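# Structural overview for review
Chain residues, written in single-letter form:
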Amino acid sequence: MPTLIEMIDGAARGVDDGFVFVADDQDLPDGDLLLSLARFQAEGEGLLSQGRRVGVKLLADQEVEALAYDLPRLSVVALDFPKFGDGRSYSNARLLRERYGFKGQVRAVGDVLREQAGFLLRVGFDAFEPADGSSANEWQAATLRYRHVFQRAADARAPVYLEREA
């Protein structure tokens, strides 16, 4: 099972993942579930009506708009990075936070490396399954690597030009 790192009040912490990813062809276990978009669309209503916490894993080529109606009832949206250079999940994270106001956990999964930490936080991710085996302390250091930012993003940090004006 991959390590899960959550950002809580600006601090990176390694945590036990309460969600179990269930493939489309597997039986559903008890507890909190992370499902593919297709399985959620087929079975999600019933699972949510049981009072279970449910999350959805979106592949990079799937549009976050497919979840717009259900977002208030979801606990987690896991966005997949199929390879390091594929940035489509950055856009989906920002859409979740800014356009849809999603308050649940936005998790980065797949080929996620700590060098991406600062950028992932800026667009709205708050949990990570690092592919490089890095620790929460290493992620914390990576989030603090750059003091200034140069444009606005979902994290609401002031760009450097506004800091200079103040």
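Structural notes, computed from the coordinates. (Residues numbered from 1 in each chain as written. Predicted model: local features only at pLDDT ≥ 70, side-chain atom pairs only at ≥ 80, totals over all residues. Heavy atoms only, no water.)

On to the sheet that holds strand 8 (residues 127–128). If you trace the eight strands from one edge of the open sheet to the other, you get 2-1-8-7-6-5-4-3, paired in mixed fashion. The two strands at the open ends of the sheet, each matched to only one other strand, are strand 2 (11–15) and strand 3 (19–22). As paired strands, strand 3 and strand 4 (residues 32–36) are joined by four bridges and run parallel to one another. Its bridge partner lying in strand 4, phenylalanine 21 is registered against leucine 34. Helix 1 (residues 37–49) contacts strand 3, strand 4 and strand 5 (54–58) of the sheet and is inclined by roughly 145 degrees relative to strand 4. Its contacts with the sheet put helix 2 (residues 88–99) on strand 6 (76–81) and strand 7 (105–110), and the angle it makes with strand 6 is roughly 160 degrees. (Pairing = 2+ DSSP bridges. Helix = DSSP H or I, 4+ residues; strand = E, 2+ residues; numbered from the N terminus. Contact = heavy atoms within 4.5 Å. Axes fitted to C-alpha atoms, helices over the stretch in contact; angles between N-to-C directions.)

In this model helix 2 runs 16 Å from its N-terminal to its C-terminal C-alpha over 12 residues, within 8% of the 16 Å that 1.5 Å per residue would give. Among the residues of helix 2, Ser89, Tyr90, Asn92, Ala93, Leu96 and Arg97 are the ones counted as buried. Relative to the axis of helix 2, the buried residues are bounded by an arc of 165 degrees and lie together on one face. On the buried face of helix 2, the contacting elements are strand 6, strand 7 and helix 3 (117–123). (Expected span 1.5 Å × (residues − 1). Buried < 20%, exposed > 50% of the residue type's maximum accessible area, 1.4 Å probe, protein only. Arc of directions from axis to C-beta.)

Within this structure, the stated rule accounts for 12 salt bridges. The shortest N-O distance in the salt bridge between aspartate 32 and arginine 53 comes to 3.1 Å. Separated by 21 residues along the polypeptide, aspartate 32 in strand 4 and arginine 53 in the loop between helix 1 and strand 5 bring together distant segments of the chain. A residue is classified by how much of its surface remains accessible, and arginine 53, at 41% relative accessible area, is partly exposed. Via salt bridges that share partners, Asp17, Arg107 and Glu129 belong to a single interconnected network. (Salt bridge = Lys/Arg side-chain N within 4 Å of Asp/Glu carboxyl O.)

With respect to the helices, strands and loops of the structure, serine 89 is situated in helix 2. Not counting residues within four places of it along the chain, the set of residues in contact with serine 89 comprises Ala60, Leu79, Asp80, Phe81 and Phe125.

In this section: the pairing of strand 6. Within strand 6, six of the six residues are buried, leaving the element largely enclosed by the surrounding structure. By the alternation rule, side chains of strand 6 split into Val76, Ala78 and Asp80 and Val77, Leu79 and Phe81, which are all buried. Of the strand pairs in this sheet, strand 5 and strand 6 are connected by four bridges, and their pairing is parallel. By the bridge assignment for strand 6, glycine 55 is matched with valine 76.

What follows deals with the nonpolar core. Leu67, Leu74, Val77, Leu120 and Phe125 are the most contacted members of the largest nonpolar core, which totals 35 residues. For this core, the element with the most residues is helix 1, which contributes four residues. Membership of the second largest hydrophobic core comes to five residues, among which are Leu34, Val76, Ala78 and Val109. (Core = buried A, V, L, I, M, F, W, Y, C linked by side-chain atoms within 4.5 Å.)

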